[in-house]
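For reference, the chains in residue letters:
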Amino acid sequence: MESVITDFNENGFSILHGILASETLEAVKHECKTLVDALASQRQTEGKLANMYPDADFETRLIRLYENYPDENPTIFRPELHREGFFGVFAHSILLELAGVILGPEIRLYPNYSVRPKLPENKRTEVLWHQDAGYTSKEADVLRMMNVWAPLVPVNIENGCMEFIPGSHKWGVVPHEKDEYYLRIHDDYIKPVEADAVSIEILPGDVVIFSNLLFHRGLPNRAQHVRWSLDFRYQDATQPTLRTTQGHLLRSQRTPEAVVKDAKAWAQLEFQ
Ligand SMILES: O=C(O)CCC(=O)C(=O)O
């Protein structure tokens, strides 16, 4: 625990190997497969799919479903994540324990939790250099957060792993510019440090925690399968979210009765 916190404070991130149990991961994948099934049915109803590819595997089925419509594939699932199988990761005891040390006793799941199916060679899934705080506001540097990123398939430079600039969380919120699909850190701030980037090549079961101020990006996927991953953020719930949405309370000494108590309760809530 101590070295994880030291890394997080010094470098802006820390990798935790093998902390998600296979049942937890399987529950998440099961829900993702259900979402893909629903998309297959929807596309067949719309007359855009002759074959639903029911036997294609998790890593490739989404590619098959959209091969004739490359601009229509989903790049992110958010409201869809209020399903029981996702709760075990969001409310993971080790992650909440760490968040407790870093953020204090009041912890919310910040209203920015996502599953990303990163399809190959698709500009809409290439997340450019940014700080999460850059998407919120200049004032977001006061937000006390711990970001979590977890792969559902082995991730590497080829299939679009994350890249971080160590120590960049100490530089405050820097200017971002709008690119075609995402914001990106202004060249004046990223070019001088880009060569210091480290690639986060990790396996399902591993997670990386990082600061909301860390310069990071998701590389393009140049493999032939979908790079599935999960990313979410814990925040000190005594602070405002600086968004119109409020997230959900996962730990609290002040109002324990307001905490989302289990997977069933999670599934009844909405993205907010
Ligand atoms: O998954 C990716 O490629 C990018 C994710 C990201 O930028 C984030 O979690 O903040």
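Everything in this summary refers to the structure shown in the same document. Here the structure is a predicted model, which means the values were calculated and not measured. (Residues numbered from 1 in each chain as written. Predicted model: local features only at pLDDT ≥ 70, side-chain atom pairs only at ≥ 80, totals over all residues. Heavy atoms only, no water.)

A closer look at the site of the ligand
So, point 1. If you check the shell around the ligand, you find R116, K118, V127, H130, D132, W149, M162, H216, G218, R227, D231 and R233 and nothing else.
So, point 2. In the environment of the ligand, an oxygen atom lies 3.4 Å from a nitrogen or oxygen atom belonging to the side chain of D231.
So, point 3. Surface burial for the ligand is 99%, taken as the share of its 300 Å² of free accessible area covered by protein chains.
So, point 4. The cavity where the ligand resides is the largest pocket.
So, point 5. Listed by contribution, the elements that provide at least two residues to the shell around the ligand are strand 3 (114–118), strand 4 (127–130), strand 11 (216–218) and strand 12 (227–236).
So, point 6. Counting residues per element, the shell around the ligand draws most heavily on strand 12, which supplies 3 residues.
So, point 7. Of the residues that constitute the shell around the ligand, the class distribution is 3 nonpolar, 3 polar and 6 charged. (Near = heavy atom within 4 Å. Polar contact = N/O pair within 3.5 Å; in protein donor to acceptor, adjacent residues only side chain to side chain. Areas by Shrake-Rupley, 256 points an atom, 1.4 Å probe, with all protein chains shown as cover. 1 Å grid on protein atoms, 1.4 Å probe; cavity = no way out; pocket = protein on both sides within 12 Å on 5 of 7 lines; lining within 4 Å. Sits in = over half its atoms within 2 Å of the grid points. Helix = DSSP H or I, 4+ residues; strand = E, 2+ residues; numbered from the N terminus. Nonpolar A, V, L, I, M, F, W, Y, C, P; charged D, E, K, R; others polar.)

Overview of the sheet that holds strand 6 (residues 162–164)
So, point 1. If you walk across this open sheet you meet the 4 strands as 4-11-6-9, and the pairing is antiparallel. If you trace the sheet from one side to the other, it starts and ends with strand 4 and strand 9 (198–200), each paired once. If you compare each strand with its neighbour and ignore which way they point, the axes differ by 20° on average.
So, point 2. In the sheet, strand 6 pairs with strand 9 via 3 bridges, with the strands oriented antiparallel. Across the sheet, the residue bridging to M162 is I200, located in strand 9. (Pairing = 2+ DSSP bridges. Axes fitted to C-alpha atoms, helices over the stretch in contact; angles between N-to-C directions.)

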